[in-house]
Amino acid sequence: MTFNKKLNTILIVLMITLFAGCVKDVGLNGLTMKIDDEQLNKPSSKFPIKRDFILANVEINQPNIFIKDGENRISAKLDINLSTIFMNKSTGKFEVSGVPYFKKENSSIYLNDVAIENIDFTDAQIDKNILNSLTSNIKPILDSIFKQIPIYTIKEDSFKGSFVKDVKIKDSELLITFGL
(Lines give C-alpha, C1' and ligand atoms only; values in the text may rest on other atoms or scores of the structure.)
Protein backbone atom coordinates (compact mmCIF):
# COMPACT_ATOMS: atom_id res chain seq x y z
CA MET A 1 0.00 0.00 0.00
CA THR A 2 1.32 3.44 -0.90
CA PHE A 3 1.70 6.23 1.61
CA ASN A 4 -1.32 8.16 0.19
CA LYS A 5 -3.59 5.11 0.49
CA LYS A 6 -2.47 4.54 4.09
CA LEU A 7 -3.05 8.20 4.90
CA ASN A 8 -6.53 8.11 3.33
CA THR A 9 -7.40 4.95 5.26
CA ILE A 10 -6.24 6.51 8.52
CA LEU A 11 -8.24 9.68 7.81
CA ILE A 12 -11.38 7.68 7.03
CA VAL A 13 -11.04 5.62 10.22
CA LEU A 14 -10.47 8.83 12.20
CA MET A 15 -13.51 10.47 10.64
CA ILE A 16 -15.67 7.40 11.34
CA THR A 17 -14.73 7.49 15.02
CA LEU A 18 -15.48 11.23 15.18
CA PHE A 19 -18.85 10.91 13.48
CA ALA A 20 -19.94 7.64 15.12
CA GLY A 21 -23.70 7.20 15.17
CA CYS A 22 -24.48 9.53 12.27
CA VAL A 23 -22.48 7.79 9.55
CA LYS A 24 -24.66 6.82 6.61
CA ASP A 25 -22.01 5.57 4.18
CA VAL A 26 -18.28 5.37 3.62
CA GLY A 27 -17.28 5.07 -0.02
CA LEU A 28 -14.98 6.34 -2.72
CA ASN A 29 -16.57 9.79 -2.55
CA GLY A 30 -15.88 10.06 1.18
CA LEU A 31 -17.81 9.76 4.40
CA THR A 32 -21.55 10.57 4.29
CA MET A 33 -23.42 11.65 7.43
CA LYS A 34 -27.16 11.90 7.95
CA ILE A 35 -28.50 15.03 9.67
CA ASP A 36 -31.81 14.39 11.43
CA ASP A 37 -34.71 16.76 12.15
CA GLU A 38 -33.63 17.19 15.78
CA GLN A 39 -30.28 18.61 14.69
CA LEU A 40 -32.04 21.00 12.28
CA ASN A 41 -34.34 22.40 14.98
CA LYS A 42 -31.92 23.94 17.45
CA PRO A 43 -33.29 27.19 18.90
CA SER A 44 -32.02 30.41 17.34
CA SER A 45 -31.74 33.76 19.09
CA LYS A 46 -32.61 35.44 15.77
CA PHE A 47 -36.31 34.58 16.22
CA PRO A 48 -38.89 36.02 16.39
CA ILE A 49 -38.29 38.23 13.37
CA LYS A 50 -40.45 41.34 13.12
CA ARG A 51 -41.04 43.40 9.99
CA ASP A 52 -43.17 46.52 9.78
CA PHE A 53 -44.77 47.61 6.52
CA ILE A 54 -47.02 50.53 5.62
CA LEU A 55 -50.24 48.51 5.89
CA ALA A 56 -49.15 45.53 7.99
CA ASN A 57 -46.86 44.20 10.70
CA VAL A 58 -45.48 40.65 10.52
CA GLU A 59 -43.81 38.56 13.22
CA ILE A 60 -42.24 35.22 12.26
CA ASN A 61 -41.47 32.72 15.02
CA GLN A 62 -38.87 29.93 15.18
CA PRO A 63 -39.45 27.49 12.28
CA ASN A 64 -39.97 23.76 12.68
CA ILE A 65 -37.68 22.24 10.02
CA PHE A 66 -38.25 18.77 8.57
CA ILE A 67 -37.97 16.67 5.43
CA LYS A 68 -41.18 15.28 3.96
CA ASP A 69 -41.16 11.69 2.75
CA GLY A 70 -40.62 11.50 -0.98
CA GLU A 71 -39.47 15.14 -1.25
CA ASN A 72 -36.08 16.43 -2.32
CA ARG A 73 -36.53 19.71 -0.48
CA ILE A 74 -36.29 20.73 3.15
CA SER A 75 -39.56 22.02 4.59
CA ALA A 76 -40.26 24.40 7.44
CA LYS A 77 -43.45 25.29 9.29
CA LEU A 78 -43.56 28.88 10.49
CA ASP A 79 -45.99 30.48 12.91
CA ILE A 80 -46.74 34.03 11.81
CA ASN A 81 -48.50 36.83 13.64
CA LEU A 82 -50.03 39.36 11.27
CA SER A 83 -51.80 42.62 11.91
CA THR A 84 -53.05 44.98 9.25
CA ILE A 85 -55.07 48.16 9.18
CA PHE A 86 -58.00 46.07 7.88
CA MET A 87 -58.05 43.41 10.60
CA ASN A 88 -56.99 42.64 14.15
CA LYS A 89 -53.91 40.62 14.98
CA SER A 90 -54.20 37.18 13.42
CA THR A 91 -52.10 34.04 13.78
CA GLY A 92 -51.29 31.89 10.80
CA LYS A 93 -49.10 29.03 9.72
CA PHE A 94 -46.91 28.95 6.63
CA GLU A 95 -45.25 25.89 5.23
CA VAL A 96 -42.27 26.60 3.00
CA SER A 97 -39.67 24.44 1.33
CA GLY A 98 -36.25 25.02 -0.14
CA VAL A 99 -33.15 23.40 -1.56
CA PRO A 100 -30.18 23.06 0.84
CA TYR A 101 -26.79 24.54 -0.03
CA PHE A 102 -23.53 24.75 1.90
CA LYS A 103 -21.49 27.92 2.55
CA LYS A 104 -17.88 27.05 3.34
CA GLU A 105 -17.16 30.52 4.81
CA ASN A 106 -19.11 29.74 7.97
CA SER A 107 -19.62 25.95 7.59
CA SER A 108 -23.40 26.30 7.43
CA ILE A 109 -26.32 24.94 5.43
CA TYR A 110 -28.92 27.39 4.14
CA LEU A 111 -32.07 27.10 2.02
CA ASN A 112 -32.26 28.41 -1.52
CA ASP A 113 -35.20 28.62 -3.93
CA VAL A 114 -37.72 28.99 -1.07
CA ALA A 115 -41.33 28.32 -2.09
CA ILE A 116 -44.49 28.85 -0.04
CA GLU A 117 -46.31 25.52 0.00
CA ASN A 118 -49.28 26.24 2.26
CA ILE A 119 -50.86 29.11 4.20
CA ASP A 120 -53.46 28.76 6.94
CA PHE A 121 -55.01 31.59 8.94
CA THR A 122 -57.54 29.72 11.05
CA ASP A 123 -58.64 32.57 13.31
CA ALA A 124 -59.42 35.09 10.56
CA GLN A 125 -61.41 35.23 7.37
CA ILE A 126 -58.95 36.66 4.88
CA ASP A 127 -60.04 37.54 1.36
CA LYS A 128 -58.28 35.48 -1.33
CA ASN A 129 -56.92 38.65 -3.01
CA ILE A 130 -55.42 39.87 0.27
CA LEU A 131 -53.94 36.41 0.90
CA ASN A 132 -52.36 36.37 -2.59
CA SER A 133 -50.94 39.86 -2.00
CA LEU A 134 -49.63 38.80 1.41
CA THR A 135 -47.99 35.72 -0.13
CA SER A 136 -46.22 37.72 -2.84
CA ASN A 137 -45.06 40.33 -0.30
CA ILE A 138 -43.84 37.86 2.31
CA LYS A 139 -41.93 35.56 -0.09
CA PRO A 140 -38.92 37.94 -0.36
CA ILE A 141 -38.83 38.12 3.45
CA LEU A 142 -38.77 34.31 3.71
CA ASP A 143 -36.08 34.10 1.00
CA SER A 144 -33.99 36.59 2.95
CA ILE A 145 -34.48 34.78 6.26
CA PHE A 146 -33.35 31.40 4.92
CA LYS A 147 -30.38 32.93 3.05
CA GLN A 148 -29.19 34.71 6.23
CA ILE A 149 -30.07 32.25 8.99
CA PRO A 150 -28.61 28.75 8.60
CA ILE A 151 -30.68 25.64 9.22
CA TYR A 152 -27.57 23.75 10.34
CA THR A 153 -24.05 24.81 11.28
CA ILE A 154 -20.99 22.67 11.84
CA LYS A 155 -19.32 23.77 15.08
CA GLU A 156 -16.74 26.54 14.64
CA ASP A 157 -14.07 24.66 16.58
CA SER A 158 -14.46 21.62 14.32
CA PHE A 159 -12.33 20.95 11.27
CA LYS A 160 -15.23 19.10 9.58
CA GLY A 161 -16.53 22.19 7.75
CA SER A 162 -13.45 22.43 5.58
CA PHE A 163 -13.95 18.85 4.30
CA VAL A 164 -17.57 19.14 3.10
CA LYS A 165 -17.81 17.94 -0.52
CA ASP A 166 -21.58 17.75 -1.00
CA VAL A 167 -24.93 18.44 0.66
CA LYS A 168 -28.05 16.79 -0.74
CA ILE A 169 -31.35 15.18 0.08
CA LYS A 170 -31.73 11.54 -0.86
CA ASP A 171 -34.51 9.19 0.20
CA SER A 172 -35.96 11.93 2.44
CA GLU A 173 -32.68 12.33 4.37
CA LEU A 174 -30.32 15.31 4.53
CA LEU A 175 -26.86 13.95 3.74
CA ILE A 176 -23.49 15.67 4.08
CA THR A 177 -20.52 14.08 2.32
CA PHE A 178 -17.04 14.75 3.70
CA GLY A 179 -13.86 14.01 1.81
CA LEU A 180 -10.53 15.29 0.60
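Residues numbered from 1 in each chain as written. Predicted model: local features only at pLDDT ≥ 70, side-chain atom pairs only at ≥ 80, totals over all residues. Heavy atoms only, no water.

Enquirer: Help me out: how do you make sense of the overall build of the chain in this one?
Expert: Helices and strands together make up the secondary structure of the chain, namely 3 helices and 11 strands. Ordering the α and β elements of the chain from the N terminus gives α-β-β-α-β-β-β-β-β-β-α-β-β-β. For the chain, the proportion of its 180 residues judged to be buried stands at 37%. Sequence-distant contacts, at least 24 apart, represent 51% of the contacts inside the chain between residues at least 6 apart. Of the accessible surface of the chain, which amounts to about 11000 Å², a share of 51% is contributed by carbon and sulfur atoms. (Helix = DSSP H or I, 4+ residues; strand = E, 2+ residues; numbered from the N terminus. Buried < 20%, exposed > 50% of the residue type's maximum accessible area, 1.4 Å probe, protein only. Contact = heavy atoms within 4.5 Å. Areas by Shrake-Rupley, 256 points an atom, 1.4 Å probe, with all protein chains shown as cover.)

Enquirer: Where do I start with the nonpolar core in this structure?
Expert: The nonpolar side chains of soluble globular proteins are, as a tendency, buried together. If you look at the biggest cluster of nonpolar residues, it comprises 37 residues, and the most contacted ones within it are Ile60, Leu142, Ile151 and Leu174. Secondary-structure elements contributing two or more residues to this core are strand 2 (30-35), strand 4 (56-60), strand 6 (74-84), strand 7 (90-103), strand 8 (108-120), helix 3 (128-148), strand 10 (164-170) and strand 11 (173-178). Among the elements that take part in this core, helix 3 stands out by supplying 6 residues, more than any other. Residues within four places of Leu174 in sequence aside, it is in contact with Met33, Lys34, Ile35, Leu40, Ile67, Ile74, Pro100, Ile109, Val167, Lys168 and Ile169. (Core = buried A, V, L, I, M, F, W, Y, C linked by side-chain atoms within 4.5 Å.)

Enquirer: Mind showing me how you'd approach unusual backbone geometry here?
Expert: Negative phi values dominate among residues other than glycine, just as trans dominates among peptide bonds. Cis geometry marks the peptide bond from Phe47 to Pro48, where omega comes out at 0°. Counting through the fold element by element, Pro48 comes out in the loop between helix 2 (37-40) and strand 3 (49-52). One non-glycine residue with positive phi stands out, namely Ser107, at about 50°. Checked against the element boundaries, Ser107 lands in the loop between strand 7 and strand 8. The phi torsion at Asp113 lies on the positive side, around 55°, for a residue other than glycine.

Enquirer: For this particular structure, what's the right way to read the side chain of Glu59?
Expert: As for its placement among the helices and strands, Glu59 is situated in strand 4. Residue classification places Glu59 among the buried positions, given a relative accessible area of 19%.

Enquirer: Hey, could you run me through the pairing of strand 4 in this one?
Expert: Along a regular strand, successive side chains alternate from one face of the sheet to the other. With respect to burial, strand 4 is a largely interior element, 4 of its 5 residues being buried. Pairing analysis gives 4 bridges linking strand 3 to strand 4, with the strands arranged antiparallel. Paired with Arg51 across the two strands is Val58, which belongs to strand 4. Joining the antiparallel neighbours strand 3 and strand 4 is a turn of 3 residues. Judged from the 5 bridges that link them, strand 4 and strand 6 form a sheet pairing that is antiparallel. Within the sheet, the bridge partner assigned to Glu59 lies in strand 6 and is Asn81. (Pairing = 2+ DSSP bridges.)

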